[in-house]
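# Observations on the model geometry
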Amino acid sequence: RRSYPFDSLDIASTMPVLNTFRTENTTVFTGAQIVAAPPKQEAKSVLTAAKPFLTGSIAGCFSTCCIQPMDMIKVRIQLNAASGAAASPVGIASKMIAEEGVASLYAGLSAGLTRQVVYTGSRLGLYDVFTDKAKEANGGKPLPLHQTAPASPTSPHISPYLT
């Protein structure tokens, strides 16, 4: 088999470039030249890119599961206050558990979890994205407070538009 100069090139990473020049009304092709494509940047894996969003979502869901019973009691207190009846949080909680069961403290949990997955996940995920971009602009060095601070208030202002 005859050896050609381009046998060692990976065809998928090369691009043909046509040498051309233009005269008044004519384009003349003088030949083709094989030029290696620029090296591809290593792409982040999907899991690596999604990690800040996933950890933010999980943290938000955990906090919602912990706070949901207190939030339900607060809602019942507000409803009782609107009707003119006042009651203590302990009295309302014991009445809810006695009449409706322990699961009543977690009514509406699915809506809270859905919100946390979208809102808290995007808020914490976007914060990481913004700080990573700022680190790149800073040459990869750790960021001082005046560069980290803008990422913190920016992400919560964008996240509500996602929910």
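In what follows, the structure referred to is the one given above.
Definitions and limits used
- Each chain has its residues counted from 1, running along the sequence as written.
- Residues qualify for local features only when their pLDDT is at least 70, as the model is predicted, and side-chain atom pairs are given and counted only at 80 or more; totals for whole chains, interfaces and linings, by contrast, use all residues.
- For side-chain calculations, the full set of non-hydrogen atoms in the structure is used, while hydrogens and water are omitted.
- Counting from the N terminus, the helices are the DSSP runs of H or I reaching at least four residues and the strands are the DSSP runs of E reaching at least two.
- Only protein chains enter the calculation, and the probe is 1.4 Å; a residue is then buried if its accessible area is under 20% of its type maximum, exposed if over 50%, and partly exposed in between.
- Contacts between residues were defined by any pair of non-hydrogen atoms, one from each residue, lying within 4.5 Å.
- In these tables, accessible area is a Shrake-Rupley quantity obtained with a 1.4 Å probe, and a residue counts as shielded only by the protein chains included in the view.
- A fitted line through C-alpha atoms represents every axis, and for helices the fit uses only the stretch in contact; the resulting angles, taken between N-to-C directions, go from 0 to 180 degrees.
- Any angle between 65 and 115 degrees counts as roughly perpendicular, while under 35 counts as roughly parallel, over 145 as roughly antiparallel, and the rest as oblique.
- For a crossing to be left-handed, the near helix must be turned anticlockwise from the far one by less than a right angle; the clockwise case is right-handed.
- Aromatic contacts are taken between Phe, Tyr and Trp rings whose centres are within 6.5 Å, Trp giving its six-membered ring; a plane angle under 30 degrees counts as stacked, one over 60 as edge-to-face, and the others as tilted.
- By the criterion adopted, a ring carries a charge over it if an Arg CZ or a Lys NZ lies within 6 Å of its centre and within 35 degrees of its normal.
- Put simply, a nonpolar core is a bunch of buried Ala, Val, Leu, Ile, Met, Phe, Trp, Tyr and Cys residues held in one set by side-chain atoms that sit within 4.5 Å of each other.
- In this scheme, a helix's expected span is set at 1.5 Å multiplied by one less than its residue total.
- Two axes enter the definition of the bend at a residue: one is fitted to the seven residues ending there, the other to the seven starting there, and the bend is the angle between them.

## Focus on the overall build of the chain
- A tally of regular secondary structure across the chain gives five helices and two strands.
- In sequence order, the chain lays out its α and β elements as β-β-α-α-α-α-α.
- Of all 163 residues assigned to the chain, the portion counted as buried reaches 20%.
- In the chain, 53% of the contacts between residues at least 6 apart in sequence involve partners at least 24 apart.
- Entry remark: accessible area of the chain is about 12,000 Å², with carbon and sulfur atoms responsible for 63%.

## Concerning the packing of helix H1 (residues 46-83) against helix H3 (residues 109-137)
- Put simply, H1 and H3 touch, their axes get as near as 7 Å, and they point 140° apart. Taken together, the axis directions place H1 and H3 in an arrangement best described as oblique. As for the relative orientation of H1 and H3, their crossing is right-handed in sense.

## Quick word on the packing of aromatic side chains
- Taken as a whole and assessed by the stated rule, the structure comprises zero aromatic pairs.
- The ring of Tyr119 carries Arg115 above its face, with NZ or CZ at 4.6 Å from the centroid.

## Concerning the nonpolar core
- Membership of the largest hydrophobic core is limited to six residues, which are Met72, Ile73, Ile92, Ala93, Met96 and Leu105.
- Elements with a minimum of two residues in this core: H1 and helix H2 (89-100).
- If one sorts the elements of this core by residue count, H2 sits on top with three residues.

## Things to note about H3
- Taking 1.5 Å of rise per residue, the 29 residues of H3 would be expected to cover 42 Å, and the 41 Å separating its terminal C-alpha atoms lies within 8% of that figure.
- At Gln116, H3 shows its maximal bend, which comes to roughly 30°.
- When H3 is considered as a whole, its buried residues turn out to be Leu109, Gly112, Gln116, Tyr119, Thr120, Gly121, Ser122, Gly125, Leu126 and Thr131.
- One or two steps after H3, the chain reaches Gly139, where phi turns positive at roughly 75°.

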